[in-house]
Amino acid sequence: ATTPSWTTSQVNVLPPKVLLESITLFNNYFYAVDSDLNGYSSTNGINWTKENSNIYNIVGILPNETSTTDSLLVITKNSAGKYVFAKTLNLKTLEEVKTVSNNPNSNEIVKEFSAKGFSTTTIYDRNNLNNNVLTITGGTDLNGNQSNLTWTLRIGDNRLEVASNQ
């Protein structure tokens, strides 16, 4: 068996005001968001490129049928100034989620949703899409209130399925 080895590298330009919980490795790229709503990408975690200026946070990797159809799920503001979910492959192009299960009359994110400072994990089950879930817990909601909720998100029938433990 091969023993993994670690090397130390100097990070030249970590984005200022970066939200450490937003740093995500997806499709061999690192992605991060700062507190000024800027989204960044990096091929090596050392040098970063600004990709977008309207991303509140990266929620995590939203699993789909295959790894090639997975996407990053982010929180952004739409043209009406409402916080909504969007899917993206690279932070450059955002596809606004139009239908959310826990808010059938609007795609606006409910105010109790954990939006910053949360922990996240993605569970992959390519044989049963109902088990493909993105889960987040803790953090603060869109109003800045501390949250003890756990949220699960998954792709449903033409909508994003969102549920909390309360």
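Nothing here was measured: the structure is a model prediction, and the numbers come from that model.

Before going further, it helps to examine the side chain of N132. Structurally, the position occupied by N132 is in the loop between β10 (119-123) and β11 (133-137). Relative accessible area serves as the criterion here: at 1%, N132 is assigned to the buried category. A distance of 2.8 Å separates the side chain of N132 from the backbone oxygen of N64, its partner in a polar contact. Apart from the residues lying within four places of it in its own chain, the contact partners of N132 are P63, N64, E65, I123, Y124, D125, R126, L153 and R154.

A few words on the pattern of salt bridges. Considering all chains together, one arrives at five salt bridges under this definition. Among the salt bridges present, the one from R126 reaches D70, with a minimum N-O distance of 2.9 Å. One end of the pair, R126, is in the loop between β10 and β11; the other, D70, is in the loop between β5 (57-62) and β6 (71-77), and 56 residues separate them in sequence. Since its relative accessible area comes to 4%, D70 is described here as buried. Salt bridges sharing partners connect three or more residues here, namely K82, E108 and K111.

Next up on the list: the environment of S119. Relative to the elements of secondary structure, S119 occurs in strand β10. Among the residues examined, S119 registers a relative accessible area of 47% and is labelled partly exposed. Excluding residues that lie within four positions of it along the chain, S119 makes contacts with T135, I136 and T137.

Position of N57 relative to the elements: it lies in strand β5. Separated by 60 residues in the primary sequence, N57 and G117 have C-alpha atoms spaced 9.6 Å apart. Those residues in contact with N57, other than ones at most four positions away along the chain, are L19, E21, S22, V33, V74, I75, A115, K116 and F118. Polar side-chain contacts of N57 include one of 3.3 Å to the side chain of E21. Of the polar contacts made by the side chain of N57, one reaches the backbone oxygen of A115; its length is 3.0 Å.

Along a regular strand, successive side chains alternate from one face of the sheet to the other. Burial runs high along β11: four of the five residues are buried. The sheet contact formed by β10 and β11 spans five bridges and is antiparallel. The partner of I123 across the bridge, within β11, is V133. Taken together, the four bridges between β11 and strand β13 (residues 150-156) define a ladder with antiparallel strand orientation. Its bridge partner lying in β13, I136 is registered against W151.

What counts and what doesn't
Here, residues in each chain are numbered from 1, in the same order as that chain's written sequence. pLDDT decides what is reported in this predicted model: residues at 70 or higher carry local features, side-chain atom pairs at 80 or more are listed and counted, and totals for whole chains, interfaces and linings draw on all residues regardless. Hydrogens are left out, water is left out, and the side-chain values use all remaining heavy atoms of the structure. Helix and strand labels come from DSSP, where a helix needs a run of H or I of at least four residues and a strand needs a run of E of at least two; each type is numbered from the N terminus. Using a 1.4 Å probe on the protein chains alone, a residue whose accessible area is under 20% of its type maximum counts as buried, one over 50% counts as exposed, and one in between counts as partly exposed. We call two N or O atoms a polar contact when they sit within 3.5 Å, provided that within protein one can donate a hydrogen and the other can accept it, with sequence-adjacent residues counted only if both atoms are side-chain atoms. Contacts between residues were defined by any pair of non-hydrogen atoms, one from each residue, lying within 4.5 Å. Should a side-chain nitrogen of Lys or Arg be within 4 Å of a carboxyl oxygen of Asp or Glu, the pair is scored as a salt bridge. DSSP calls a pair of strands paired once it identifies at least 2 bridges connecting them.

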